[in-house]
Amino acid sequence: MNDFIRDSLDHCVKCTICETYCPVSQVTPMFPGPKYAGPQAERYRGAGKSVDSSVDYCSGCGICTQVCPQDVKIAEINSRARAKLWEQRGVPLRNQMIARPTVIGRLGTPVAPLANWALHNRAVRGIVQSIVGIHRDAPMPSFAGKTFQKRSRNHRGPSDAPAVVYFHGCGTNYYEPLVGEMVVAVLEHNGFRVIVPEQDCCGLPLQSNGNFPAARTYVRRLVDRLVPHARAGLPIVSNSTSCGLMLKREAHEILGIEDEDLKIVSESMYDLCEFLLRLHERGQLRTDFGSLPLTVPYHAPCQQRGHGIGKPALDLLALVPDLHMIELDVDCCGIAGTYGLKKEKYEISMAVGKRLFSDIAATGSELAACDSETCRWQIAHGAGVTAVHPIELLYRAYGLDRQGQRDLVTTGTQPARVSG
Amino acid sequence: MSYDTVVVGAGLAGLTAALRLTERGQRVMIVARGVGATHLAPATIDVLGYLGDTRVGAPAGSLAALIAASPDHPYAHITADQLATAVTWFGAHAAALGYSGSVGENMLLPTALGVPKPSALAPRSMAGGDLRGGGRFLFVGFKGFKDFHPALIADNLVRAPLPLPITARALELEPPSSRLGDLSGRVIAGRFDADNLTDWLVGELENRVEPDERIGVPAVLGLRSGDQTWQELEKRLGCTVFEVSTLPPSVPGIRLFNALTAALRARGARLVLGVRAVGAHANNGHIDTIDVANATGTVSHAVGSVLLATGGFPSGGLELDSFGATRETVFDLPLIGVPETDRVRFAPNYFDPQPLASAGVPTDDLLRPVDANGHPVYTNLHAAGAILGGAIPWKEKSGTGISVASGYAAAEAILAPAAQSVSEAVR
Ligand SMILES: Cc1cc2nc3c(=O)[nH]c(=O)nc-3n(C[C@H](O)[C@H](O)[C@H](O)COP(=O)(O)OP(=O)(O)OC[C@H]3O[C@@H](n4cnc5c(N)ncnc54)[C@H](O)[C@@H]3O)c2cc1C
Ligand code: SF4
Ligand code: SF4
């Protein structure tokens, strides 16, 4: 397996920079911090037994790897150690469940009203917490009922335009299909034909919950669906930052998949805003934006930073007249995918997010923007604001909401409308 | 994306330059493999602390002697006026830390090992520790906070060579227990931000301070609220309180990083961490695009200028391979201060003169890296900070001073290339 991950531990100079950034070790003694759990403990992990369980408290946010000046792959080392831990101890039922969004999605979608009632009913959630270990207060999105896949099947787009492939991910499919429709609308507005291949989960939740074999199966299945398009030279865009990163990098670096198909898919993957910004650089993005007189705090999710593409959403939104974005300076909202759902980690995740929530509150805005869906749900939950994907602001600025006669409907946890 | 300037490196040099460039309206992106030495070094600006073994009292006044002894020194490419302007400008622009001092004279500030260290500028929360005037000191530590021993500081300082004698004593306090485990400086600072440890500290010290004593505490008084906490302590205790720099991580250094990056964000600069500059495309000695490697591949950005602020060996700006070859990692630039590959590269004793100590990039007076003939390698590539050759920062106590001065000067050279070339011709 690609050992450059493990080998990178030798580059650690013990400078402690990662320690100063780790959002988790700053709020709980349960996790000793990236330097200890990562490069240091890894030396003892060899082929034998997993040496400690504290690594399970690493949220996998990836900030440590980004700031480490010596290129130590700390978060990746932790992620693998976590998988080994659960491989030896058996992955708990709870982790198995929340790691399969497509299974949950397929179960919940047909009975969406009932499932949503249950998801937001305190008594039910109390039972779920005690039996399954999902915290009763953790932010849970609502099932949309009709999936994005289903909705997009009836959609007729332009037929002769250049094509782009849309990897929408599970969040969009089951919980936020309207976000998916906005993505399609914006891409079509810019002269693209949008191909929506049938697709399943990318395996990321399984990976972060320590089930690597199952995660690999999911990655391979998804890659099989996407690779014909990638081979045909088509770009693939994703509005789910973490799922996009899974295909760009993590499937290879963490799951250790060495595969020509994956490589081609990786190289064709673009984060949605990254893709749009590239269009703009080539003078190909339509800039017929109408005025959007709003002040909106923006949080770049940690997984988005892992792409190493800067904050393209801010560059794009700067093109919109009268829209004032406030760039927040907090590394993590705390949720880290499924981390903050867990009974024993919910408090930690909320403590991590506290600063972000109060910084958002300090802006006085009722609206916040963030690229990642789980982070949006956490922000809506923790800061009590409506949290939207940047695409929603672009969609409105293009006036597509008026054309499509559609109200803005935003995140899964806060089906609030934006007025103004 | 296209930028007026891409700054490679997010240490003090890169951030200083970026701030100056954005202040003058440039569109700037900073790319960095990771965080630089800001998080490790105290936030003091040390312009020049030692000439050989002699402690320097007046850094600006000693530059000529330094340059005479080390003609390749980065300061040789920066005029005395520029240096003074840069340092003053820097102090004013990192206003959140409330810098005091000047390039005219050095303060002597205690370190965590009880060594008096010469610094031109210091955050006001540290400046009260200036040892030059002598007097009575109380050093306070927190039990469980590693590598900070007030008795060691007090003991070493009373024996250190100082202009006027001091007395010093030590006190170790037991911080209120918390659910947090390891007491790193960062964690204690977080507690000062969140739980108001100030009340506790005032309570502990109120009746223990003797008249005329100045109180030195570890520099962990909060990340967001450090300056306020310090002010509050002085007010409530009615005496001079000062922060003493700790071993890494450096809380004042993180405050500095945060203040500079906040200012940069407000001016629309982009900071991208976790990526690596890997090369450039040039035409006729002019860089057109710079290549940045991210999660999936390499992206080329069109640039007007590039600033190389990649630090020295510790941050990966320079690399020494196992065959003894040293190289600059982004552009493979010519280096000075590098022994031949078959020569000794390390002297046996740590404090011996080390053959590689001054390794780095040589430049012209516009801080452009030059080849062996003194010609700029690229007309629009400038360099600043620890990547510059000719200095021995840890010995001279000049590291942060070089970063600030050369960062500012390189920005000026980028902003006004034409005007500067004229003055170069006159010189
Ligand atoms: C523990 C410690 C204590 C110190 N104490 C003092 C002191 O008391 N007084 C003093 O004056 N000085 C001190 N120094 C030295 C001082 O901090 C440095 O000399 C100075 O700050 C260097 O700043 P810089 O910006 O040039 O480089 P650095 O801070 O080293 O930053 C270099 C940057 O470049 C990035 N980089 C490198 N290669 C690439 C690449 N290929 N692509 C993208 N990015 C890249 C790095 O990730 C980093 O962000 C200390 C240093 C340390 C480590
Ligand atoms: S930041 Fe990197 S080099 Fe520094 S302690 Fe952490 S892992 Fe080690
Ligand atoms: S991935 Fe995040 S939580 Fe885990 S060690 Fe790194 S910074 Fe801490």
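Note that the structure is predicted; figures quoted are calculated from it, not measured.

**Concerning the overall build of chain B**
From N to C terminus, chain B includes 12 helices and 19 strands. Taking 22 Å as the expected radius of gyration for a compact globule of 427 residues, we find that chain B reaches 22 Å, a close match to that expectation. Overall size of chain B, expressed as C-alpha extent along the three principal axes, is 70 × 45 × 45 Å. Across the 427 residues of chain B, 56% fall into the buried class. Partitioning the intrachain contacts of chain B with sequence separation of at least 6 by distance along the chain shows that 67% fall at a separation of at least 24. When the accessible surface of chain B is totalled, it reaches about 16700 Å², and 53% of it is carbon and sulfur. Distance between charge centroids for chain B: 5 Å, based on 33 positive and 40 negative side chains.

**Some thoughts on the site of ligand 1**
All names here are of chain B. Residues in close proximity to ligand 1 total 33 residues, the closest being A37, D46, K117, S315 and A386. A10 places a polar main-chain atom, nitrogen or oxygen, 3.0 Å from an oxygen atom of ligand 1. The separation between an oxygen atom of ligand 1 and a polar main-chain atom of A37 is 2.7 Å. Here ligand 1 has 1000 Å² of accessible area as a free molecule, and 85% of this is covered by the chains. Of all elements in the fold, only α1 (12-23), β2 (28-32), β14 (276-283) and α11 (399-415) reach the threshold of two or more residues within the shell around ligand 1. The biggest single contributor to the shell around ligand 1 is α11, with 3 residues. A per-class count over the shell around ligand 1 returns 17 nonpolar, 12 polar and 4 charged.

**Details of the side chain of B:H77**
Residue and element names in this part refer to chain B. Along the chain, H77 turns up in the loop between α2 (59-69) and α3 (80-93). Residue H77 is classed as buried on the basis of its relative accessible area of 16%. Only 3.2 Å separates the side chain of H77 from the backbone oxygen of T363, close enough to count as a polar contact. Reaching out from H77, the side chain makes a polar contact with the side chain of D365 at a distance of 2.8 Å. Excluding residues within four positions of it along the chain, H77 makes contact with Q82, T363, D364, D365 and L367.

**Considering the side chain of A:H389**
By the secondary structure assignment, A:H389 is in the loop between β8 (386-388) and α22 (390-397). Leaving out residues up to four positions away in the same chain, A:H389 has contacts with A:V179, A:N239, A:L272, A:C273, A:C370, A:D371 and A:R376.

**Examining the sheet that holds strand β7 (residues 367-370) of chain A**
Residue and element names in this part refer to chain A. Read across the open sheet, the 4 strands follow the order β6-β5-β7-β8; overall the sheet is parallel. Two strands in the sheet have a free side with no partner beyond their single neighbour: β6 (323-327) and β8. Adjacent strand axes in the sheet meet at a mean angle of 35°, parallel and antiparallel pairs treated alike. As paired strands, strand β5 (residues 294-299) and β7 are joined by 2 bridges and run parallel to one another. Considered in β7, the bridge of Y298 is made with A369.

**A word on the sheet that holds strand β3 (residues 236-238) of chain A**
Residue and element names in this part refer to chain A. Pairing is parallel in the open sheet, where 4 strands are placed in the order β2-β1-β3-β4. Two strands close off the open sheet at either side, each with one partner strand: β2 (193-195) and β4 (269-271). With strand direction ignored, the average angle separating the axes of adjacent strands in the sheet is 35°. The pairing of strand β1 (residues 163-167) with β3 spans 3 bridges and is classified as parallel. Looking across to β3, one finds that V165 is bridged to I236. Along the sheet face, helix α15 (residues 241-253) touches β1, β3 and β4 and points at about 155° away from the line of β4. Each of β1, β3 and β4 is contacted by helix α17 (residues 272-281), which is oriented at about 90° to β4, the strand it contacts most.

**Thoughts on the packing of aromatic side chains**
According to the stated counting rule, one finds 19 aromatic pairs over all chains in the structure shown. Ring geometry for A:Y175 versus A:W377: centroids 5.5 Å apart, planes at 85°, classification edge-to-face. With A:Y175 in helix α11 (residues 169-175) and A:W377 in helix α21 (residues 373-383), this residue pair connects regions lying 202 residues apart in the sequence. Accessibility assignment for this pair places A:Y175 and A:W377 in one class, buried. Measuring from ring centre to ring centre gives 6.3 Å for B:Y350 and B:W394, while their planes differ by 50°; the resulting arrangement is tilted. Linking B:Y350 in the loop between β18 (326-328) and β19 (381-383) with B:W394 in helix α10 (residues 393-396), this pair joins segments that are 44 residues apart in sequence. Joined through ring pairs, the aromatic side chains of A:F143, A:Y174, A:Y175 and A:W377 make up one cluster. Stacked on the ring of A:Y36, the Lys or Arg A:K35 has its end atom at 4.7 Å from the ring centre. For the cation-ring pair, A:K345 lies above A:Y57, with the distance from its terminal atom to the ring centre recorded as 5.0 Å.

**Overview of the interface of chain A and chain B**
At the junction of the two partners, chain A supplies 37 residues and chain B supplies 34 residues. Taking both partners together, chain A and chain B bury about 2900 Å²; carbon and sulfur atoms supply 49% of that area. Viewed at the interface, chain B and chain A are joined by 7 salt bridges. Scanning the region where chain A abuts chain B turns up 12 residue pairs in polar contact (both at pLDDT 80 or more). Listed by contribution, the elements that provide at least two residues to the side of chain A that touches chain B are α2 (17-21), α4 (63-67), α15, α17, α19 (312-317) and α20 (346-363) of chain A. With 4 residues, the top contributor of residues to the side of chain A that touches chain B is α2(A). Along the lines of polarity and charge, the residues of the side of chain A that touches chain B split into 13 nonpolar, 12 polar and 12 charged.

**Regarding the domain arrangement of chain B**
The accessible area lost on association of the parts is a frequent measure of interface size. What the domain assignment reports for chain B is domain 1 (2-94 + 255-426) and domain 2 (130-239). Summarising the inter-unit geometry, the C-alpha centres of domain 1 of chain B and domain 2 of chain B are found 34 Å apart.

**Details of the pattern of salt bridges**
In this structure the tally under the stated criterion is 41 salt bridges over all chains. For A:R231, the salt bridge goes to A:D261, with nearest N and O atoms at 2.5 Å. Placement of A:R231 in helix α14 (residues 212-231) and of A:D261 in helix α16 (residues 260-268) is noted, with a sequence separation of 30 residues between them. Residue classification places A:R231 among the exposed positions, given a relative accessible area of 52%. Across the salt bridge formed by B:R208 and B:E204, the nearest N and O atoms sit 2.9 Å from each other. Residue class for B:R208 comes out partly exposed when judged on its relative accessible area of 38%.

**Section: the confidence of the model for chain B**
Residue and element names in this part refer to chain B. Looking at chain B, the pLDDT average stands at 93 and 96% of residues meet or exceed 70. With pLDDT under 50 throughout, residues 419-427 is counted as low confidence; its partners more than four residues away or in other chains account for 10 contacts. Interface predicted TM-score (ipTM) for the complex: 0.88; the corresponding pTM is 0.92.

**Side note on unusual backbone geometry**
Note: most residues except glycine have negative phi, and most peptide bonds are trans. All names here are of chain B. A cis geometry characterises the amide bond from P248 onward to P249, with omega recorded as 0°. The topology assignment puts P249 in the loop between β12 (241-244) and α9 (251-266). For K397, which is not glycine, the phi dihedral falls at a positive 55°. Mapping K397 onto the fold places it in the loop between α10 and α11. Its relative accessible area of 27% is what places K397 among the partly exposed residues.

Reading the values: rules and limits
Residues numbered from 1 in each chain as written. Chains lettered and ligands numbered in written order. Predicted model: local features only at pLDDT ≥ 70, side-chain atom pairs only at ≥ 80, totals over all residues. Heavy atoms only, no water. Helix = DSSP H or I, 4+ residues; strand = E, 2+ residues; numbered from the N terminus. Rg over C-alpha atoms; globule rule 2.2 N^0.38 Å. Buried < 20%, exposed > 50% of the residue type's maximum accessible area, 1.4 Å probe, protein only. Contact = heavy atoms within 4.5 Å. Areas by Shrake-Rupley, 256 points an atom, 1.4 Å probe, with all protein chains shown as cover. Lys, Arg positive; Asp, Glu negative; His and termini not counted. Charge placed at Lys NZ, Arg CZ, Asp CG, Glu CD. Near = heavy atom within 4 Å. Polar contact = N/O pair within 3.5 Å; in protein donor to acceptor, adjacent residues only side chain to side chain. Nonpolar A, V, L, I, M, F, W, Y, C, P; charged D, E, K, R; others polar. Pairing = 2+ DSSP bridges. Axes fitted to C-alpha atoms, helices over the stretch in contact; angles between N-to-C directions. Phe/Tyr/Trp six-rings, centres within 6.5 Å; stacked < 30°, edge-to-face > 60°. Lys NZ or Arg CZ within 6 Å of the ring centre and 35° of its normal. Buried area = accessible area lost by both parts, 1.4 Å probe. Salt bridge = Lys/Arg side-chain N within 4 Å of Asp/Glu carboxyl O. Domains from an automatic or database assignment. pLDDT = per-residue confidence, 0-100.

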